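Summary of the model geometry
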Amino acid sequence: MEESLRTYKVVTYGCQMNVHDSERLSGLLEEAGYTKAAGDGDPDLVVFNTCAVRENADNKLYGNLGRLAPAKQANSGMQIAVGGCLAQKDRDTIVRKAPWVDVVFGTHNIGHLPALLERAAIERTAQVEILDSLETFPSTLPTRRESAYAAWVAISVGCNNTCTFCIVPALRGKEEDRRPGDILAEVEALVAEGVVEVTLLGQNVNAYGSDLGDRQAFSKLLRACGEIDGLERVRFTSPHPKDFTDDVIAAMAETPNVMHQLHMPLQSGSDTVLRAMRRSYRQERFLGIIEKVRAAMPDAAISTDIIVGFPGETDEDFEQTLHVVREARFANAFTFQYSKRPGTPAAEMENQIPKAVVQERYDRLIALQEEISWEENKKQVGRKLEILVAEGEGKKDDRTDRLSGRAPDNRLVHFTRPEGGVRPGDMVTVEITYAAPHHLLAEGPVLDVRRTRAGDAWEKRQGAPAKPAGVMLGLPSIGVPAPLPAQGGCG
């Protein structure tokens, strides 16, 4: 097989930063002559972009590697690469446990993957390259973006926090910020290609500026995004409460294209547990932020992360978490049962909570948040909302003859398919007729369709006339309650 025809597949686990890194890995491979694999067959190259946040992350990786071993044995030209946070952490362990792996690379040298693959093929031995510090900012690398209408834009890498449950800072390194001009140039280039929505991305996104010596750099960046013609929606994830300042709230409220949607990780409502987590805020500070956000943007939809069963958590500590949930009235929450992360201080703490106790608390939290989410969504009934038509958001769209998309506050909306048809990236105006805990329905006819440059870009990417929306090709969702890994301040 000619090298130019070699096929690849990237398998991604974990956070939004990993998803964006996978877009860069795909761009690197396509620039090197690979083609994205179609269908379910075994490609010539499989790249695992791993996560080390979950306790069983290594089990998932080695299970998948084991399933690929027979295919690798049958095809001597097949290559397997493992990168990401687990690779950064385990290094040589991966090749020892799975000697059929060709390349192991870390979080700081994803740009070296094509060269490492070529070296592994020539030398016929595994290539392990793990750098301890960032060599070049990843955003300088070629990128194959999965969506024509929405894009991630990394503004920083790394994290300076020391949360006791999180291993991310040890694997991603200290925070390094991109220059504002470079970020804005990337956003402008994306908009020129048809993108109408960007999500600014960082492990601790609102700490942006600490590396530049400007405490208001993030709010200035939000306002600068508001000056970019054609950019309709700006989001960011995930902030940390300790760095969430009044100037950021003002920038959100006063910049028209910055959406009134906020993901603010709580982790626990107990001051005692927050102290043990090394989260440098307390319940009063967190609720104070929520109050200020709601005063400036009454329509804001706020989501959060919560960990249940952190070592030493008492019944009273957990009740404090429930209290914050009742007061904050989150639109939705990513909720997690605490599990040990090897290499973190929390894994060595005493008073690990029995599984049965954690499960009971978790069930109570889920029940409360479901009730609140439903009540908050019911407030949307009767409202007319402009929806950005999306791909892959509605799993039942084909059966229900509906399409799906996101409201400005990022709520998921399923709506009646208009007779004239719309494309992912187009905008439709609908009236909300029904609310469920995790989505809204617009069962009446679409009130207005606005064809956009983003829809044109999607159609051009297909290389064919517009197809019905609903194929899983688009931007991974943010804010939808789903079992994503907790990342501390990164959310």
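Residues numbered from 1 in each chain as written. Predicted model: local features only at pLDDT ≥ 70, side-chain atom pairs only at ≥ 80, totals over all residues. Heavy atoms only, no water.

**Focus: the overall build of the chain**
Assigned secondary structure in the chain consists of 15 helices and 21 strands. Radius of gyration (C-alpha) of the chain: 23 Å, near the 23 Å computed for a compact globule of 491 residues. For the C-alpha atoms alone, the extent of the chain along its principal axes is close to 60 × 60 × 45 Å. Classification of the 491 residues of the chain by burial places 57% in the buried group. Restricting to contacts in the chain with at least 6 residues of sequence separation, those with at least 24 account for 74%. (Helix = DSSP H or I, 4+ residues; strand = E, 2+ residues; numbered from the N terminus. Rg over C-alpha atoms; globule rule 2.2 N^0.38 Å. Buried < 20%, exposed > 50% of the residue type's maximum accessible area, 1.4 Å probe, protein only. Contact = heavy atoms within 4.5 Å.)

**Considering the packing of aromatic side chains**
Evaluated as defined, the whole model comprises 5 aromatic pairs. An angle of 85 degrees between the planes, with centres 6.4 Å apart, marks the rings of phenylalanine 165 and phenylalanine 310 as edge-to-face. One end of the pair, phenylalanine 165, is in the loop between strand 8 (156–157) and helix 6 (168–172); the other, phenylalanine 310, is in the loop between strand 13 (301–308) and helix 12 (315–328), and 145 residues separate them in sequence. Assessed through its relative accessible area of 2%, phenylalanine 165 is described here as buried. Through a chain of ring-to-ring contacts, three or more aromatic side chains come together here, namely Phe165, Phe310 and Tyr338. (Phe/Tyr/Trp six-rings, centres within 6.5 Å; stacked < 30°, edge-to-face > 60°.)

**Concerning the sheet that holds strand 10 (residues 197–201)**
Spatially, the 3 strands line up as an open sheet ordered 7-10-11, and their pairing is parallel. Every interior strand has two partners, whereas the edge strands, strand 7 (150–154) and strand 11 (233–237), have only one. Between one strand and the next, the sheet's axes are offset by a mean angle of 25 degrees, whatever the strand orientation. Relative to strand 11, strand 10 runs parallel, the two sharing 5 bridges. Bridge pairing in strand 11 places leucine 201 opposite threonine 237. Of the strands in this sheet, strand 7, strand 10 and strand 11 touch helix 1 (residues 16–31), which is tilted by about 100 degrees from strand 7. Seen against the sheet, helix 7 (residues 180–192) touches strand 7 and strand 10 and runs at an angle of roughly 165 degrees to strand 7. (Pairing = 2+ DSSP bridges. Axes fitted to C-alpha atoms, helices over the stretch in contact; angles between N-to-C directions.)

**Observations regarding the pattern of salt bridges**
The final tally for this structure, using the stated rule, is 26 salt bridges. Between aspartate 90 and lysine 89 there is a salt bridge, with its nearest N and O atoms 3.0 Å apart. The class for lysine 89 is partly exposed, based on a relative accessible area of 30%. Across the pair glutamate 376 and lysine 379 runs a salt bridge, and its minimum N-O distance is 3.0 Å. By relative accessible area, glutamate 376 is classed as buried at 11%. Each of the salt bridges in this network shares a partner with another, and the network as a whole consists of Arg423, Asp426, Arg451, Asp456 and Glu459. (Salt bridge = Lys/Arg side-chain N within 4 Å of Asp/Glu carboxyl O.)

**Re the pairing of strand 17 (residues 412–416)**
Where burial is concerned, most of strand 17 is hidden: 4 out of the 5 residues are buried. Judged from the 5 bridges that link them, strand 16 (residues 402–406) and strand 17 form a sheet pairing that is antiparallel. Counted as the bridge partner of arginine 406 is leucine 412 from strand 17. Connecting strand 16 to the next strand, strand 17, in antiparallel fashion are 5 residues, including asparagine 410 with a positive phi near 75 degrees.

By themselves these figures say nothing about function.
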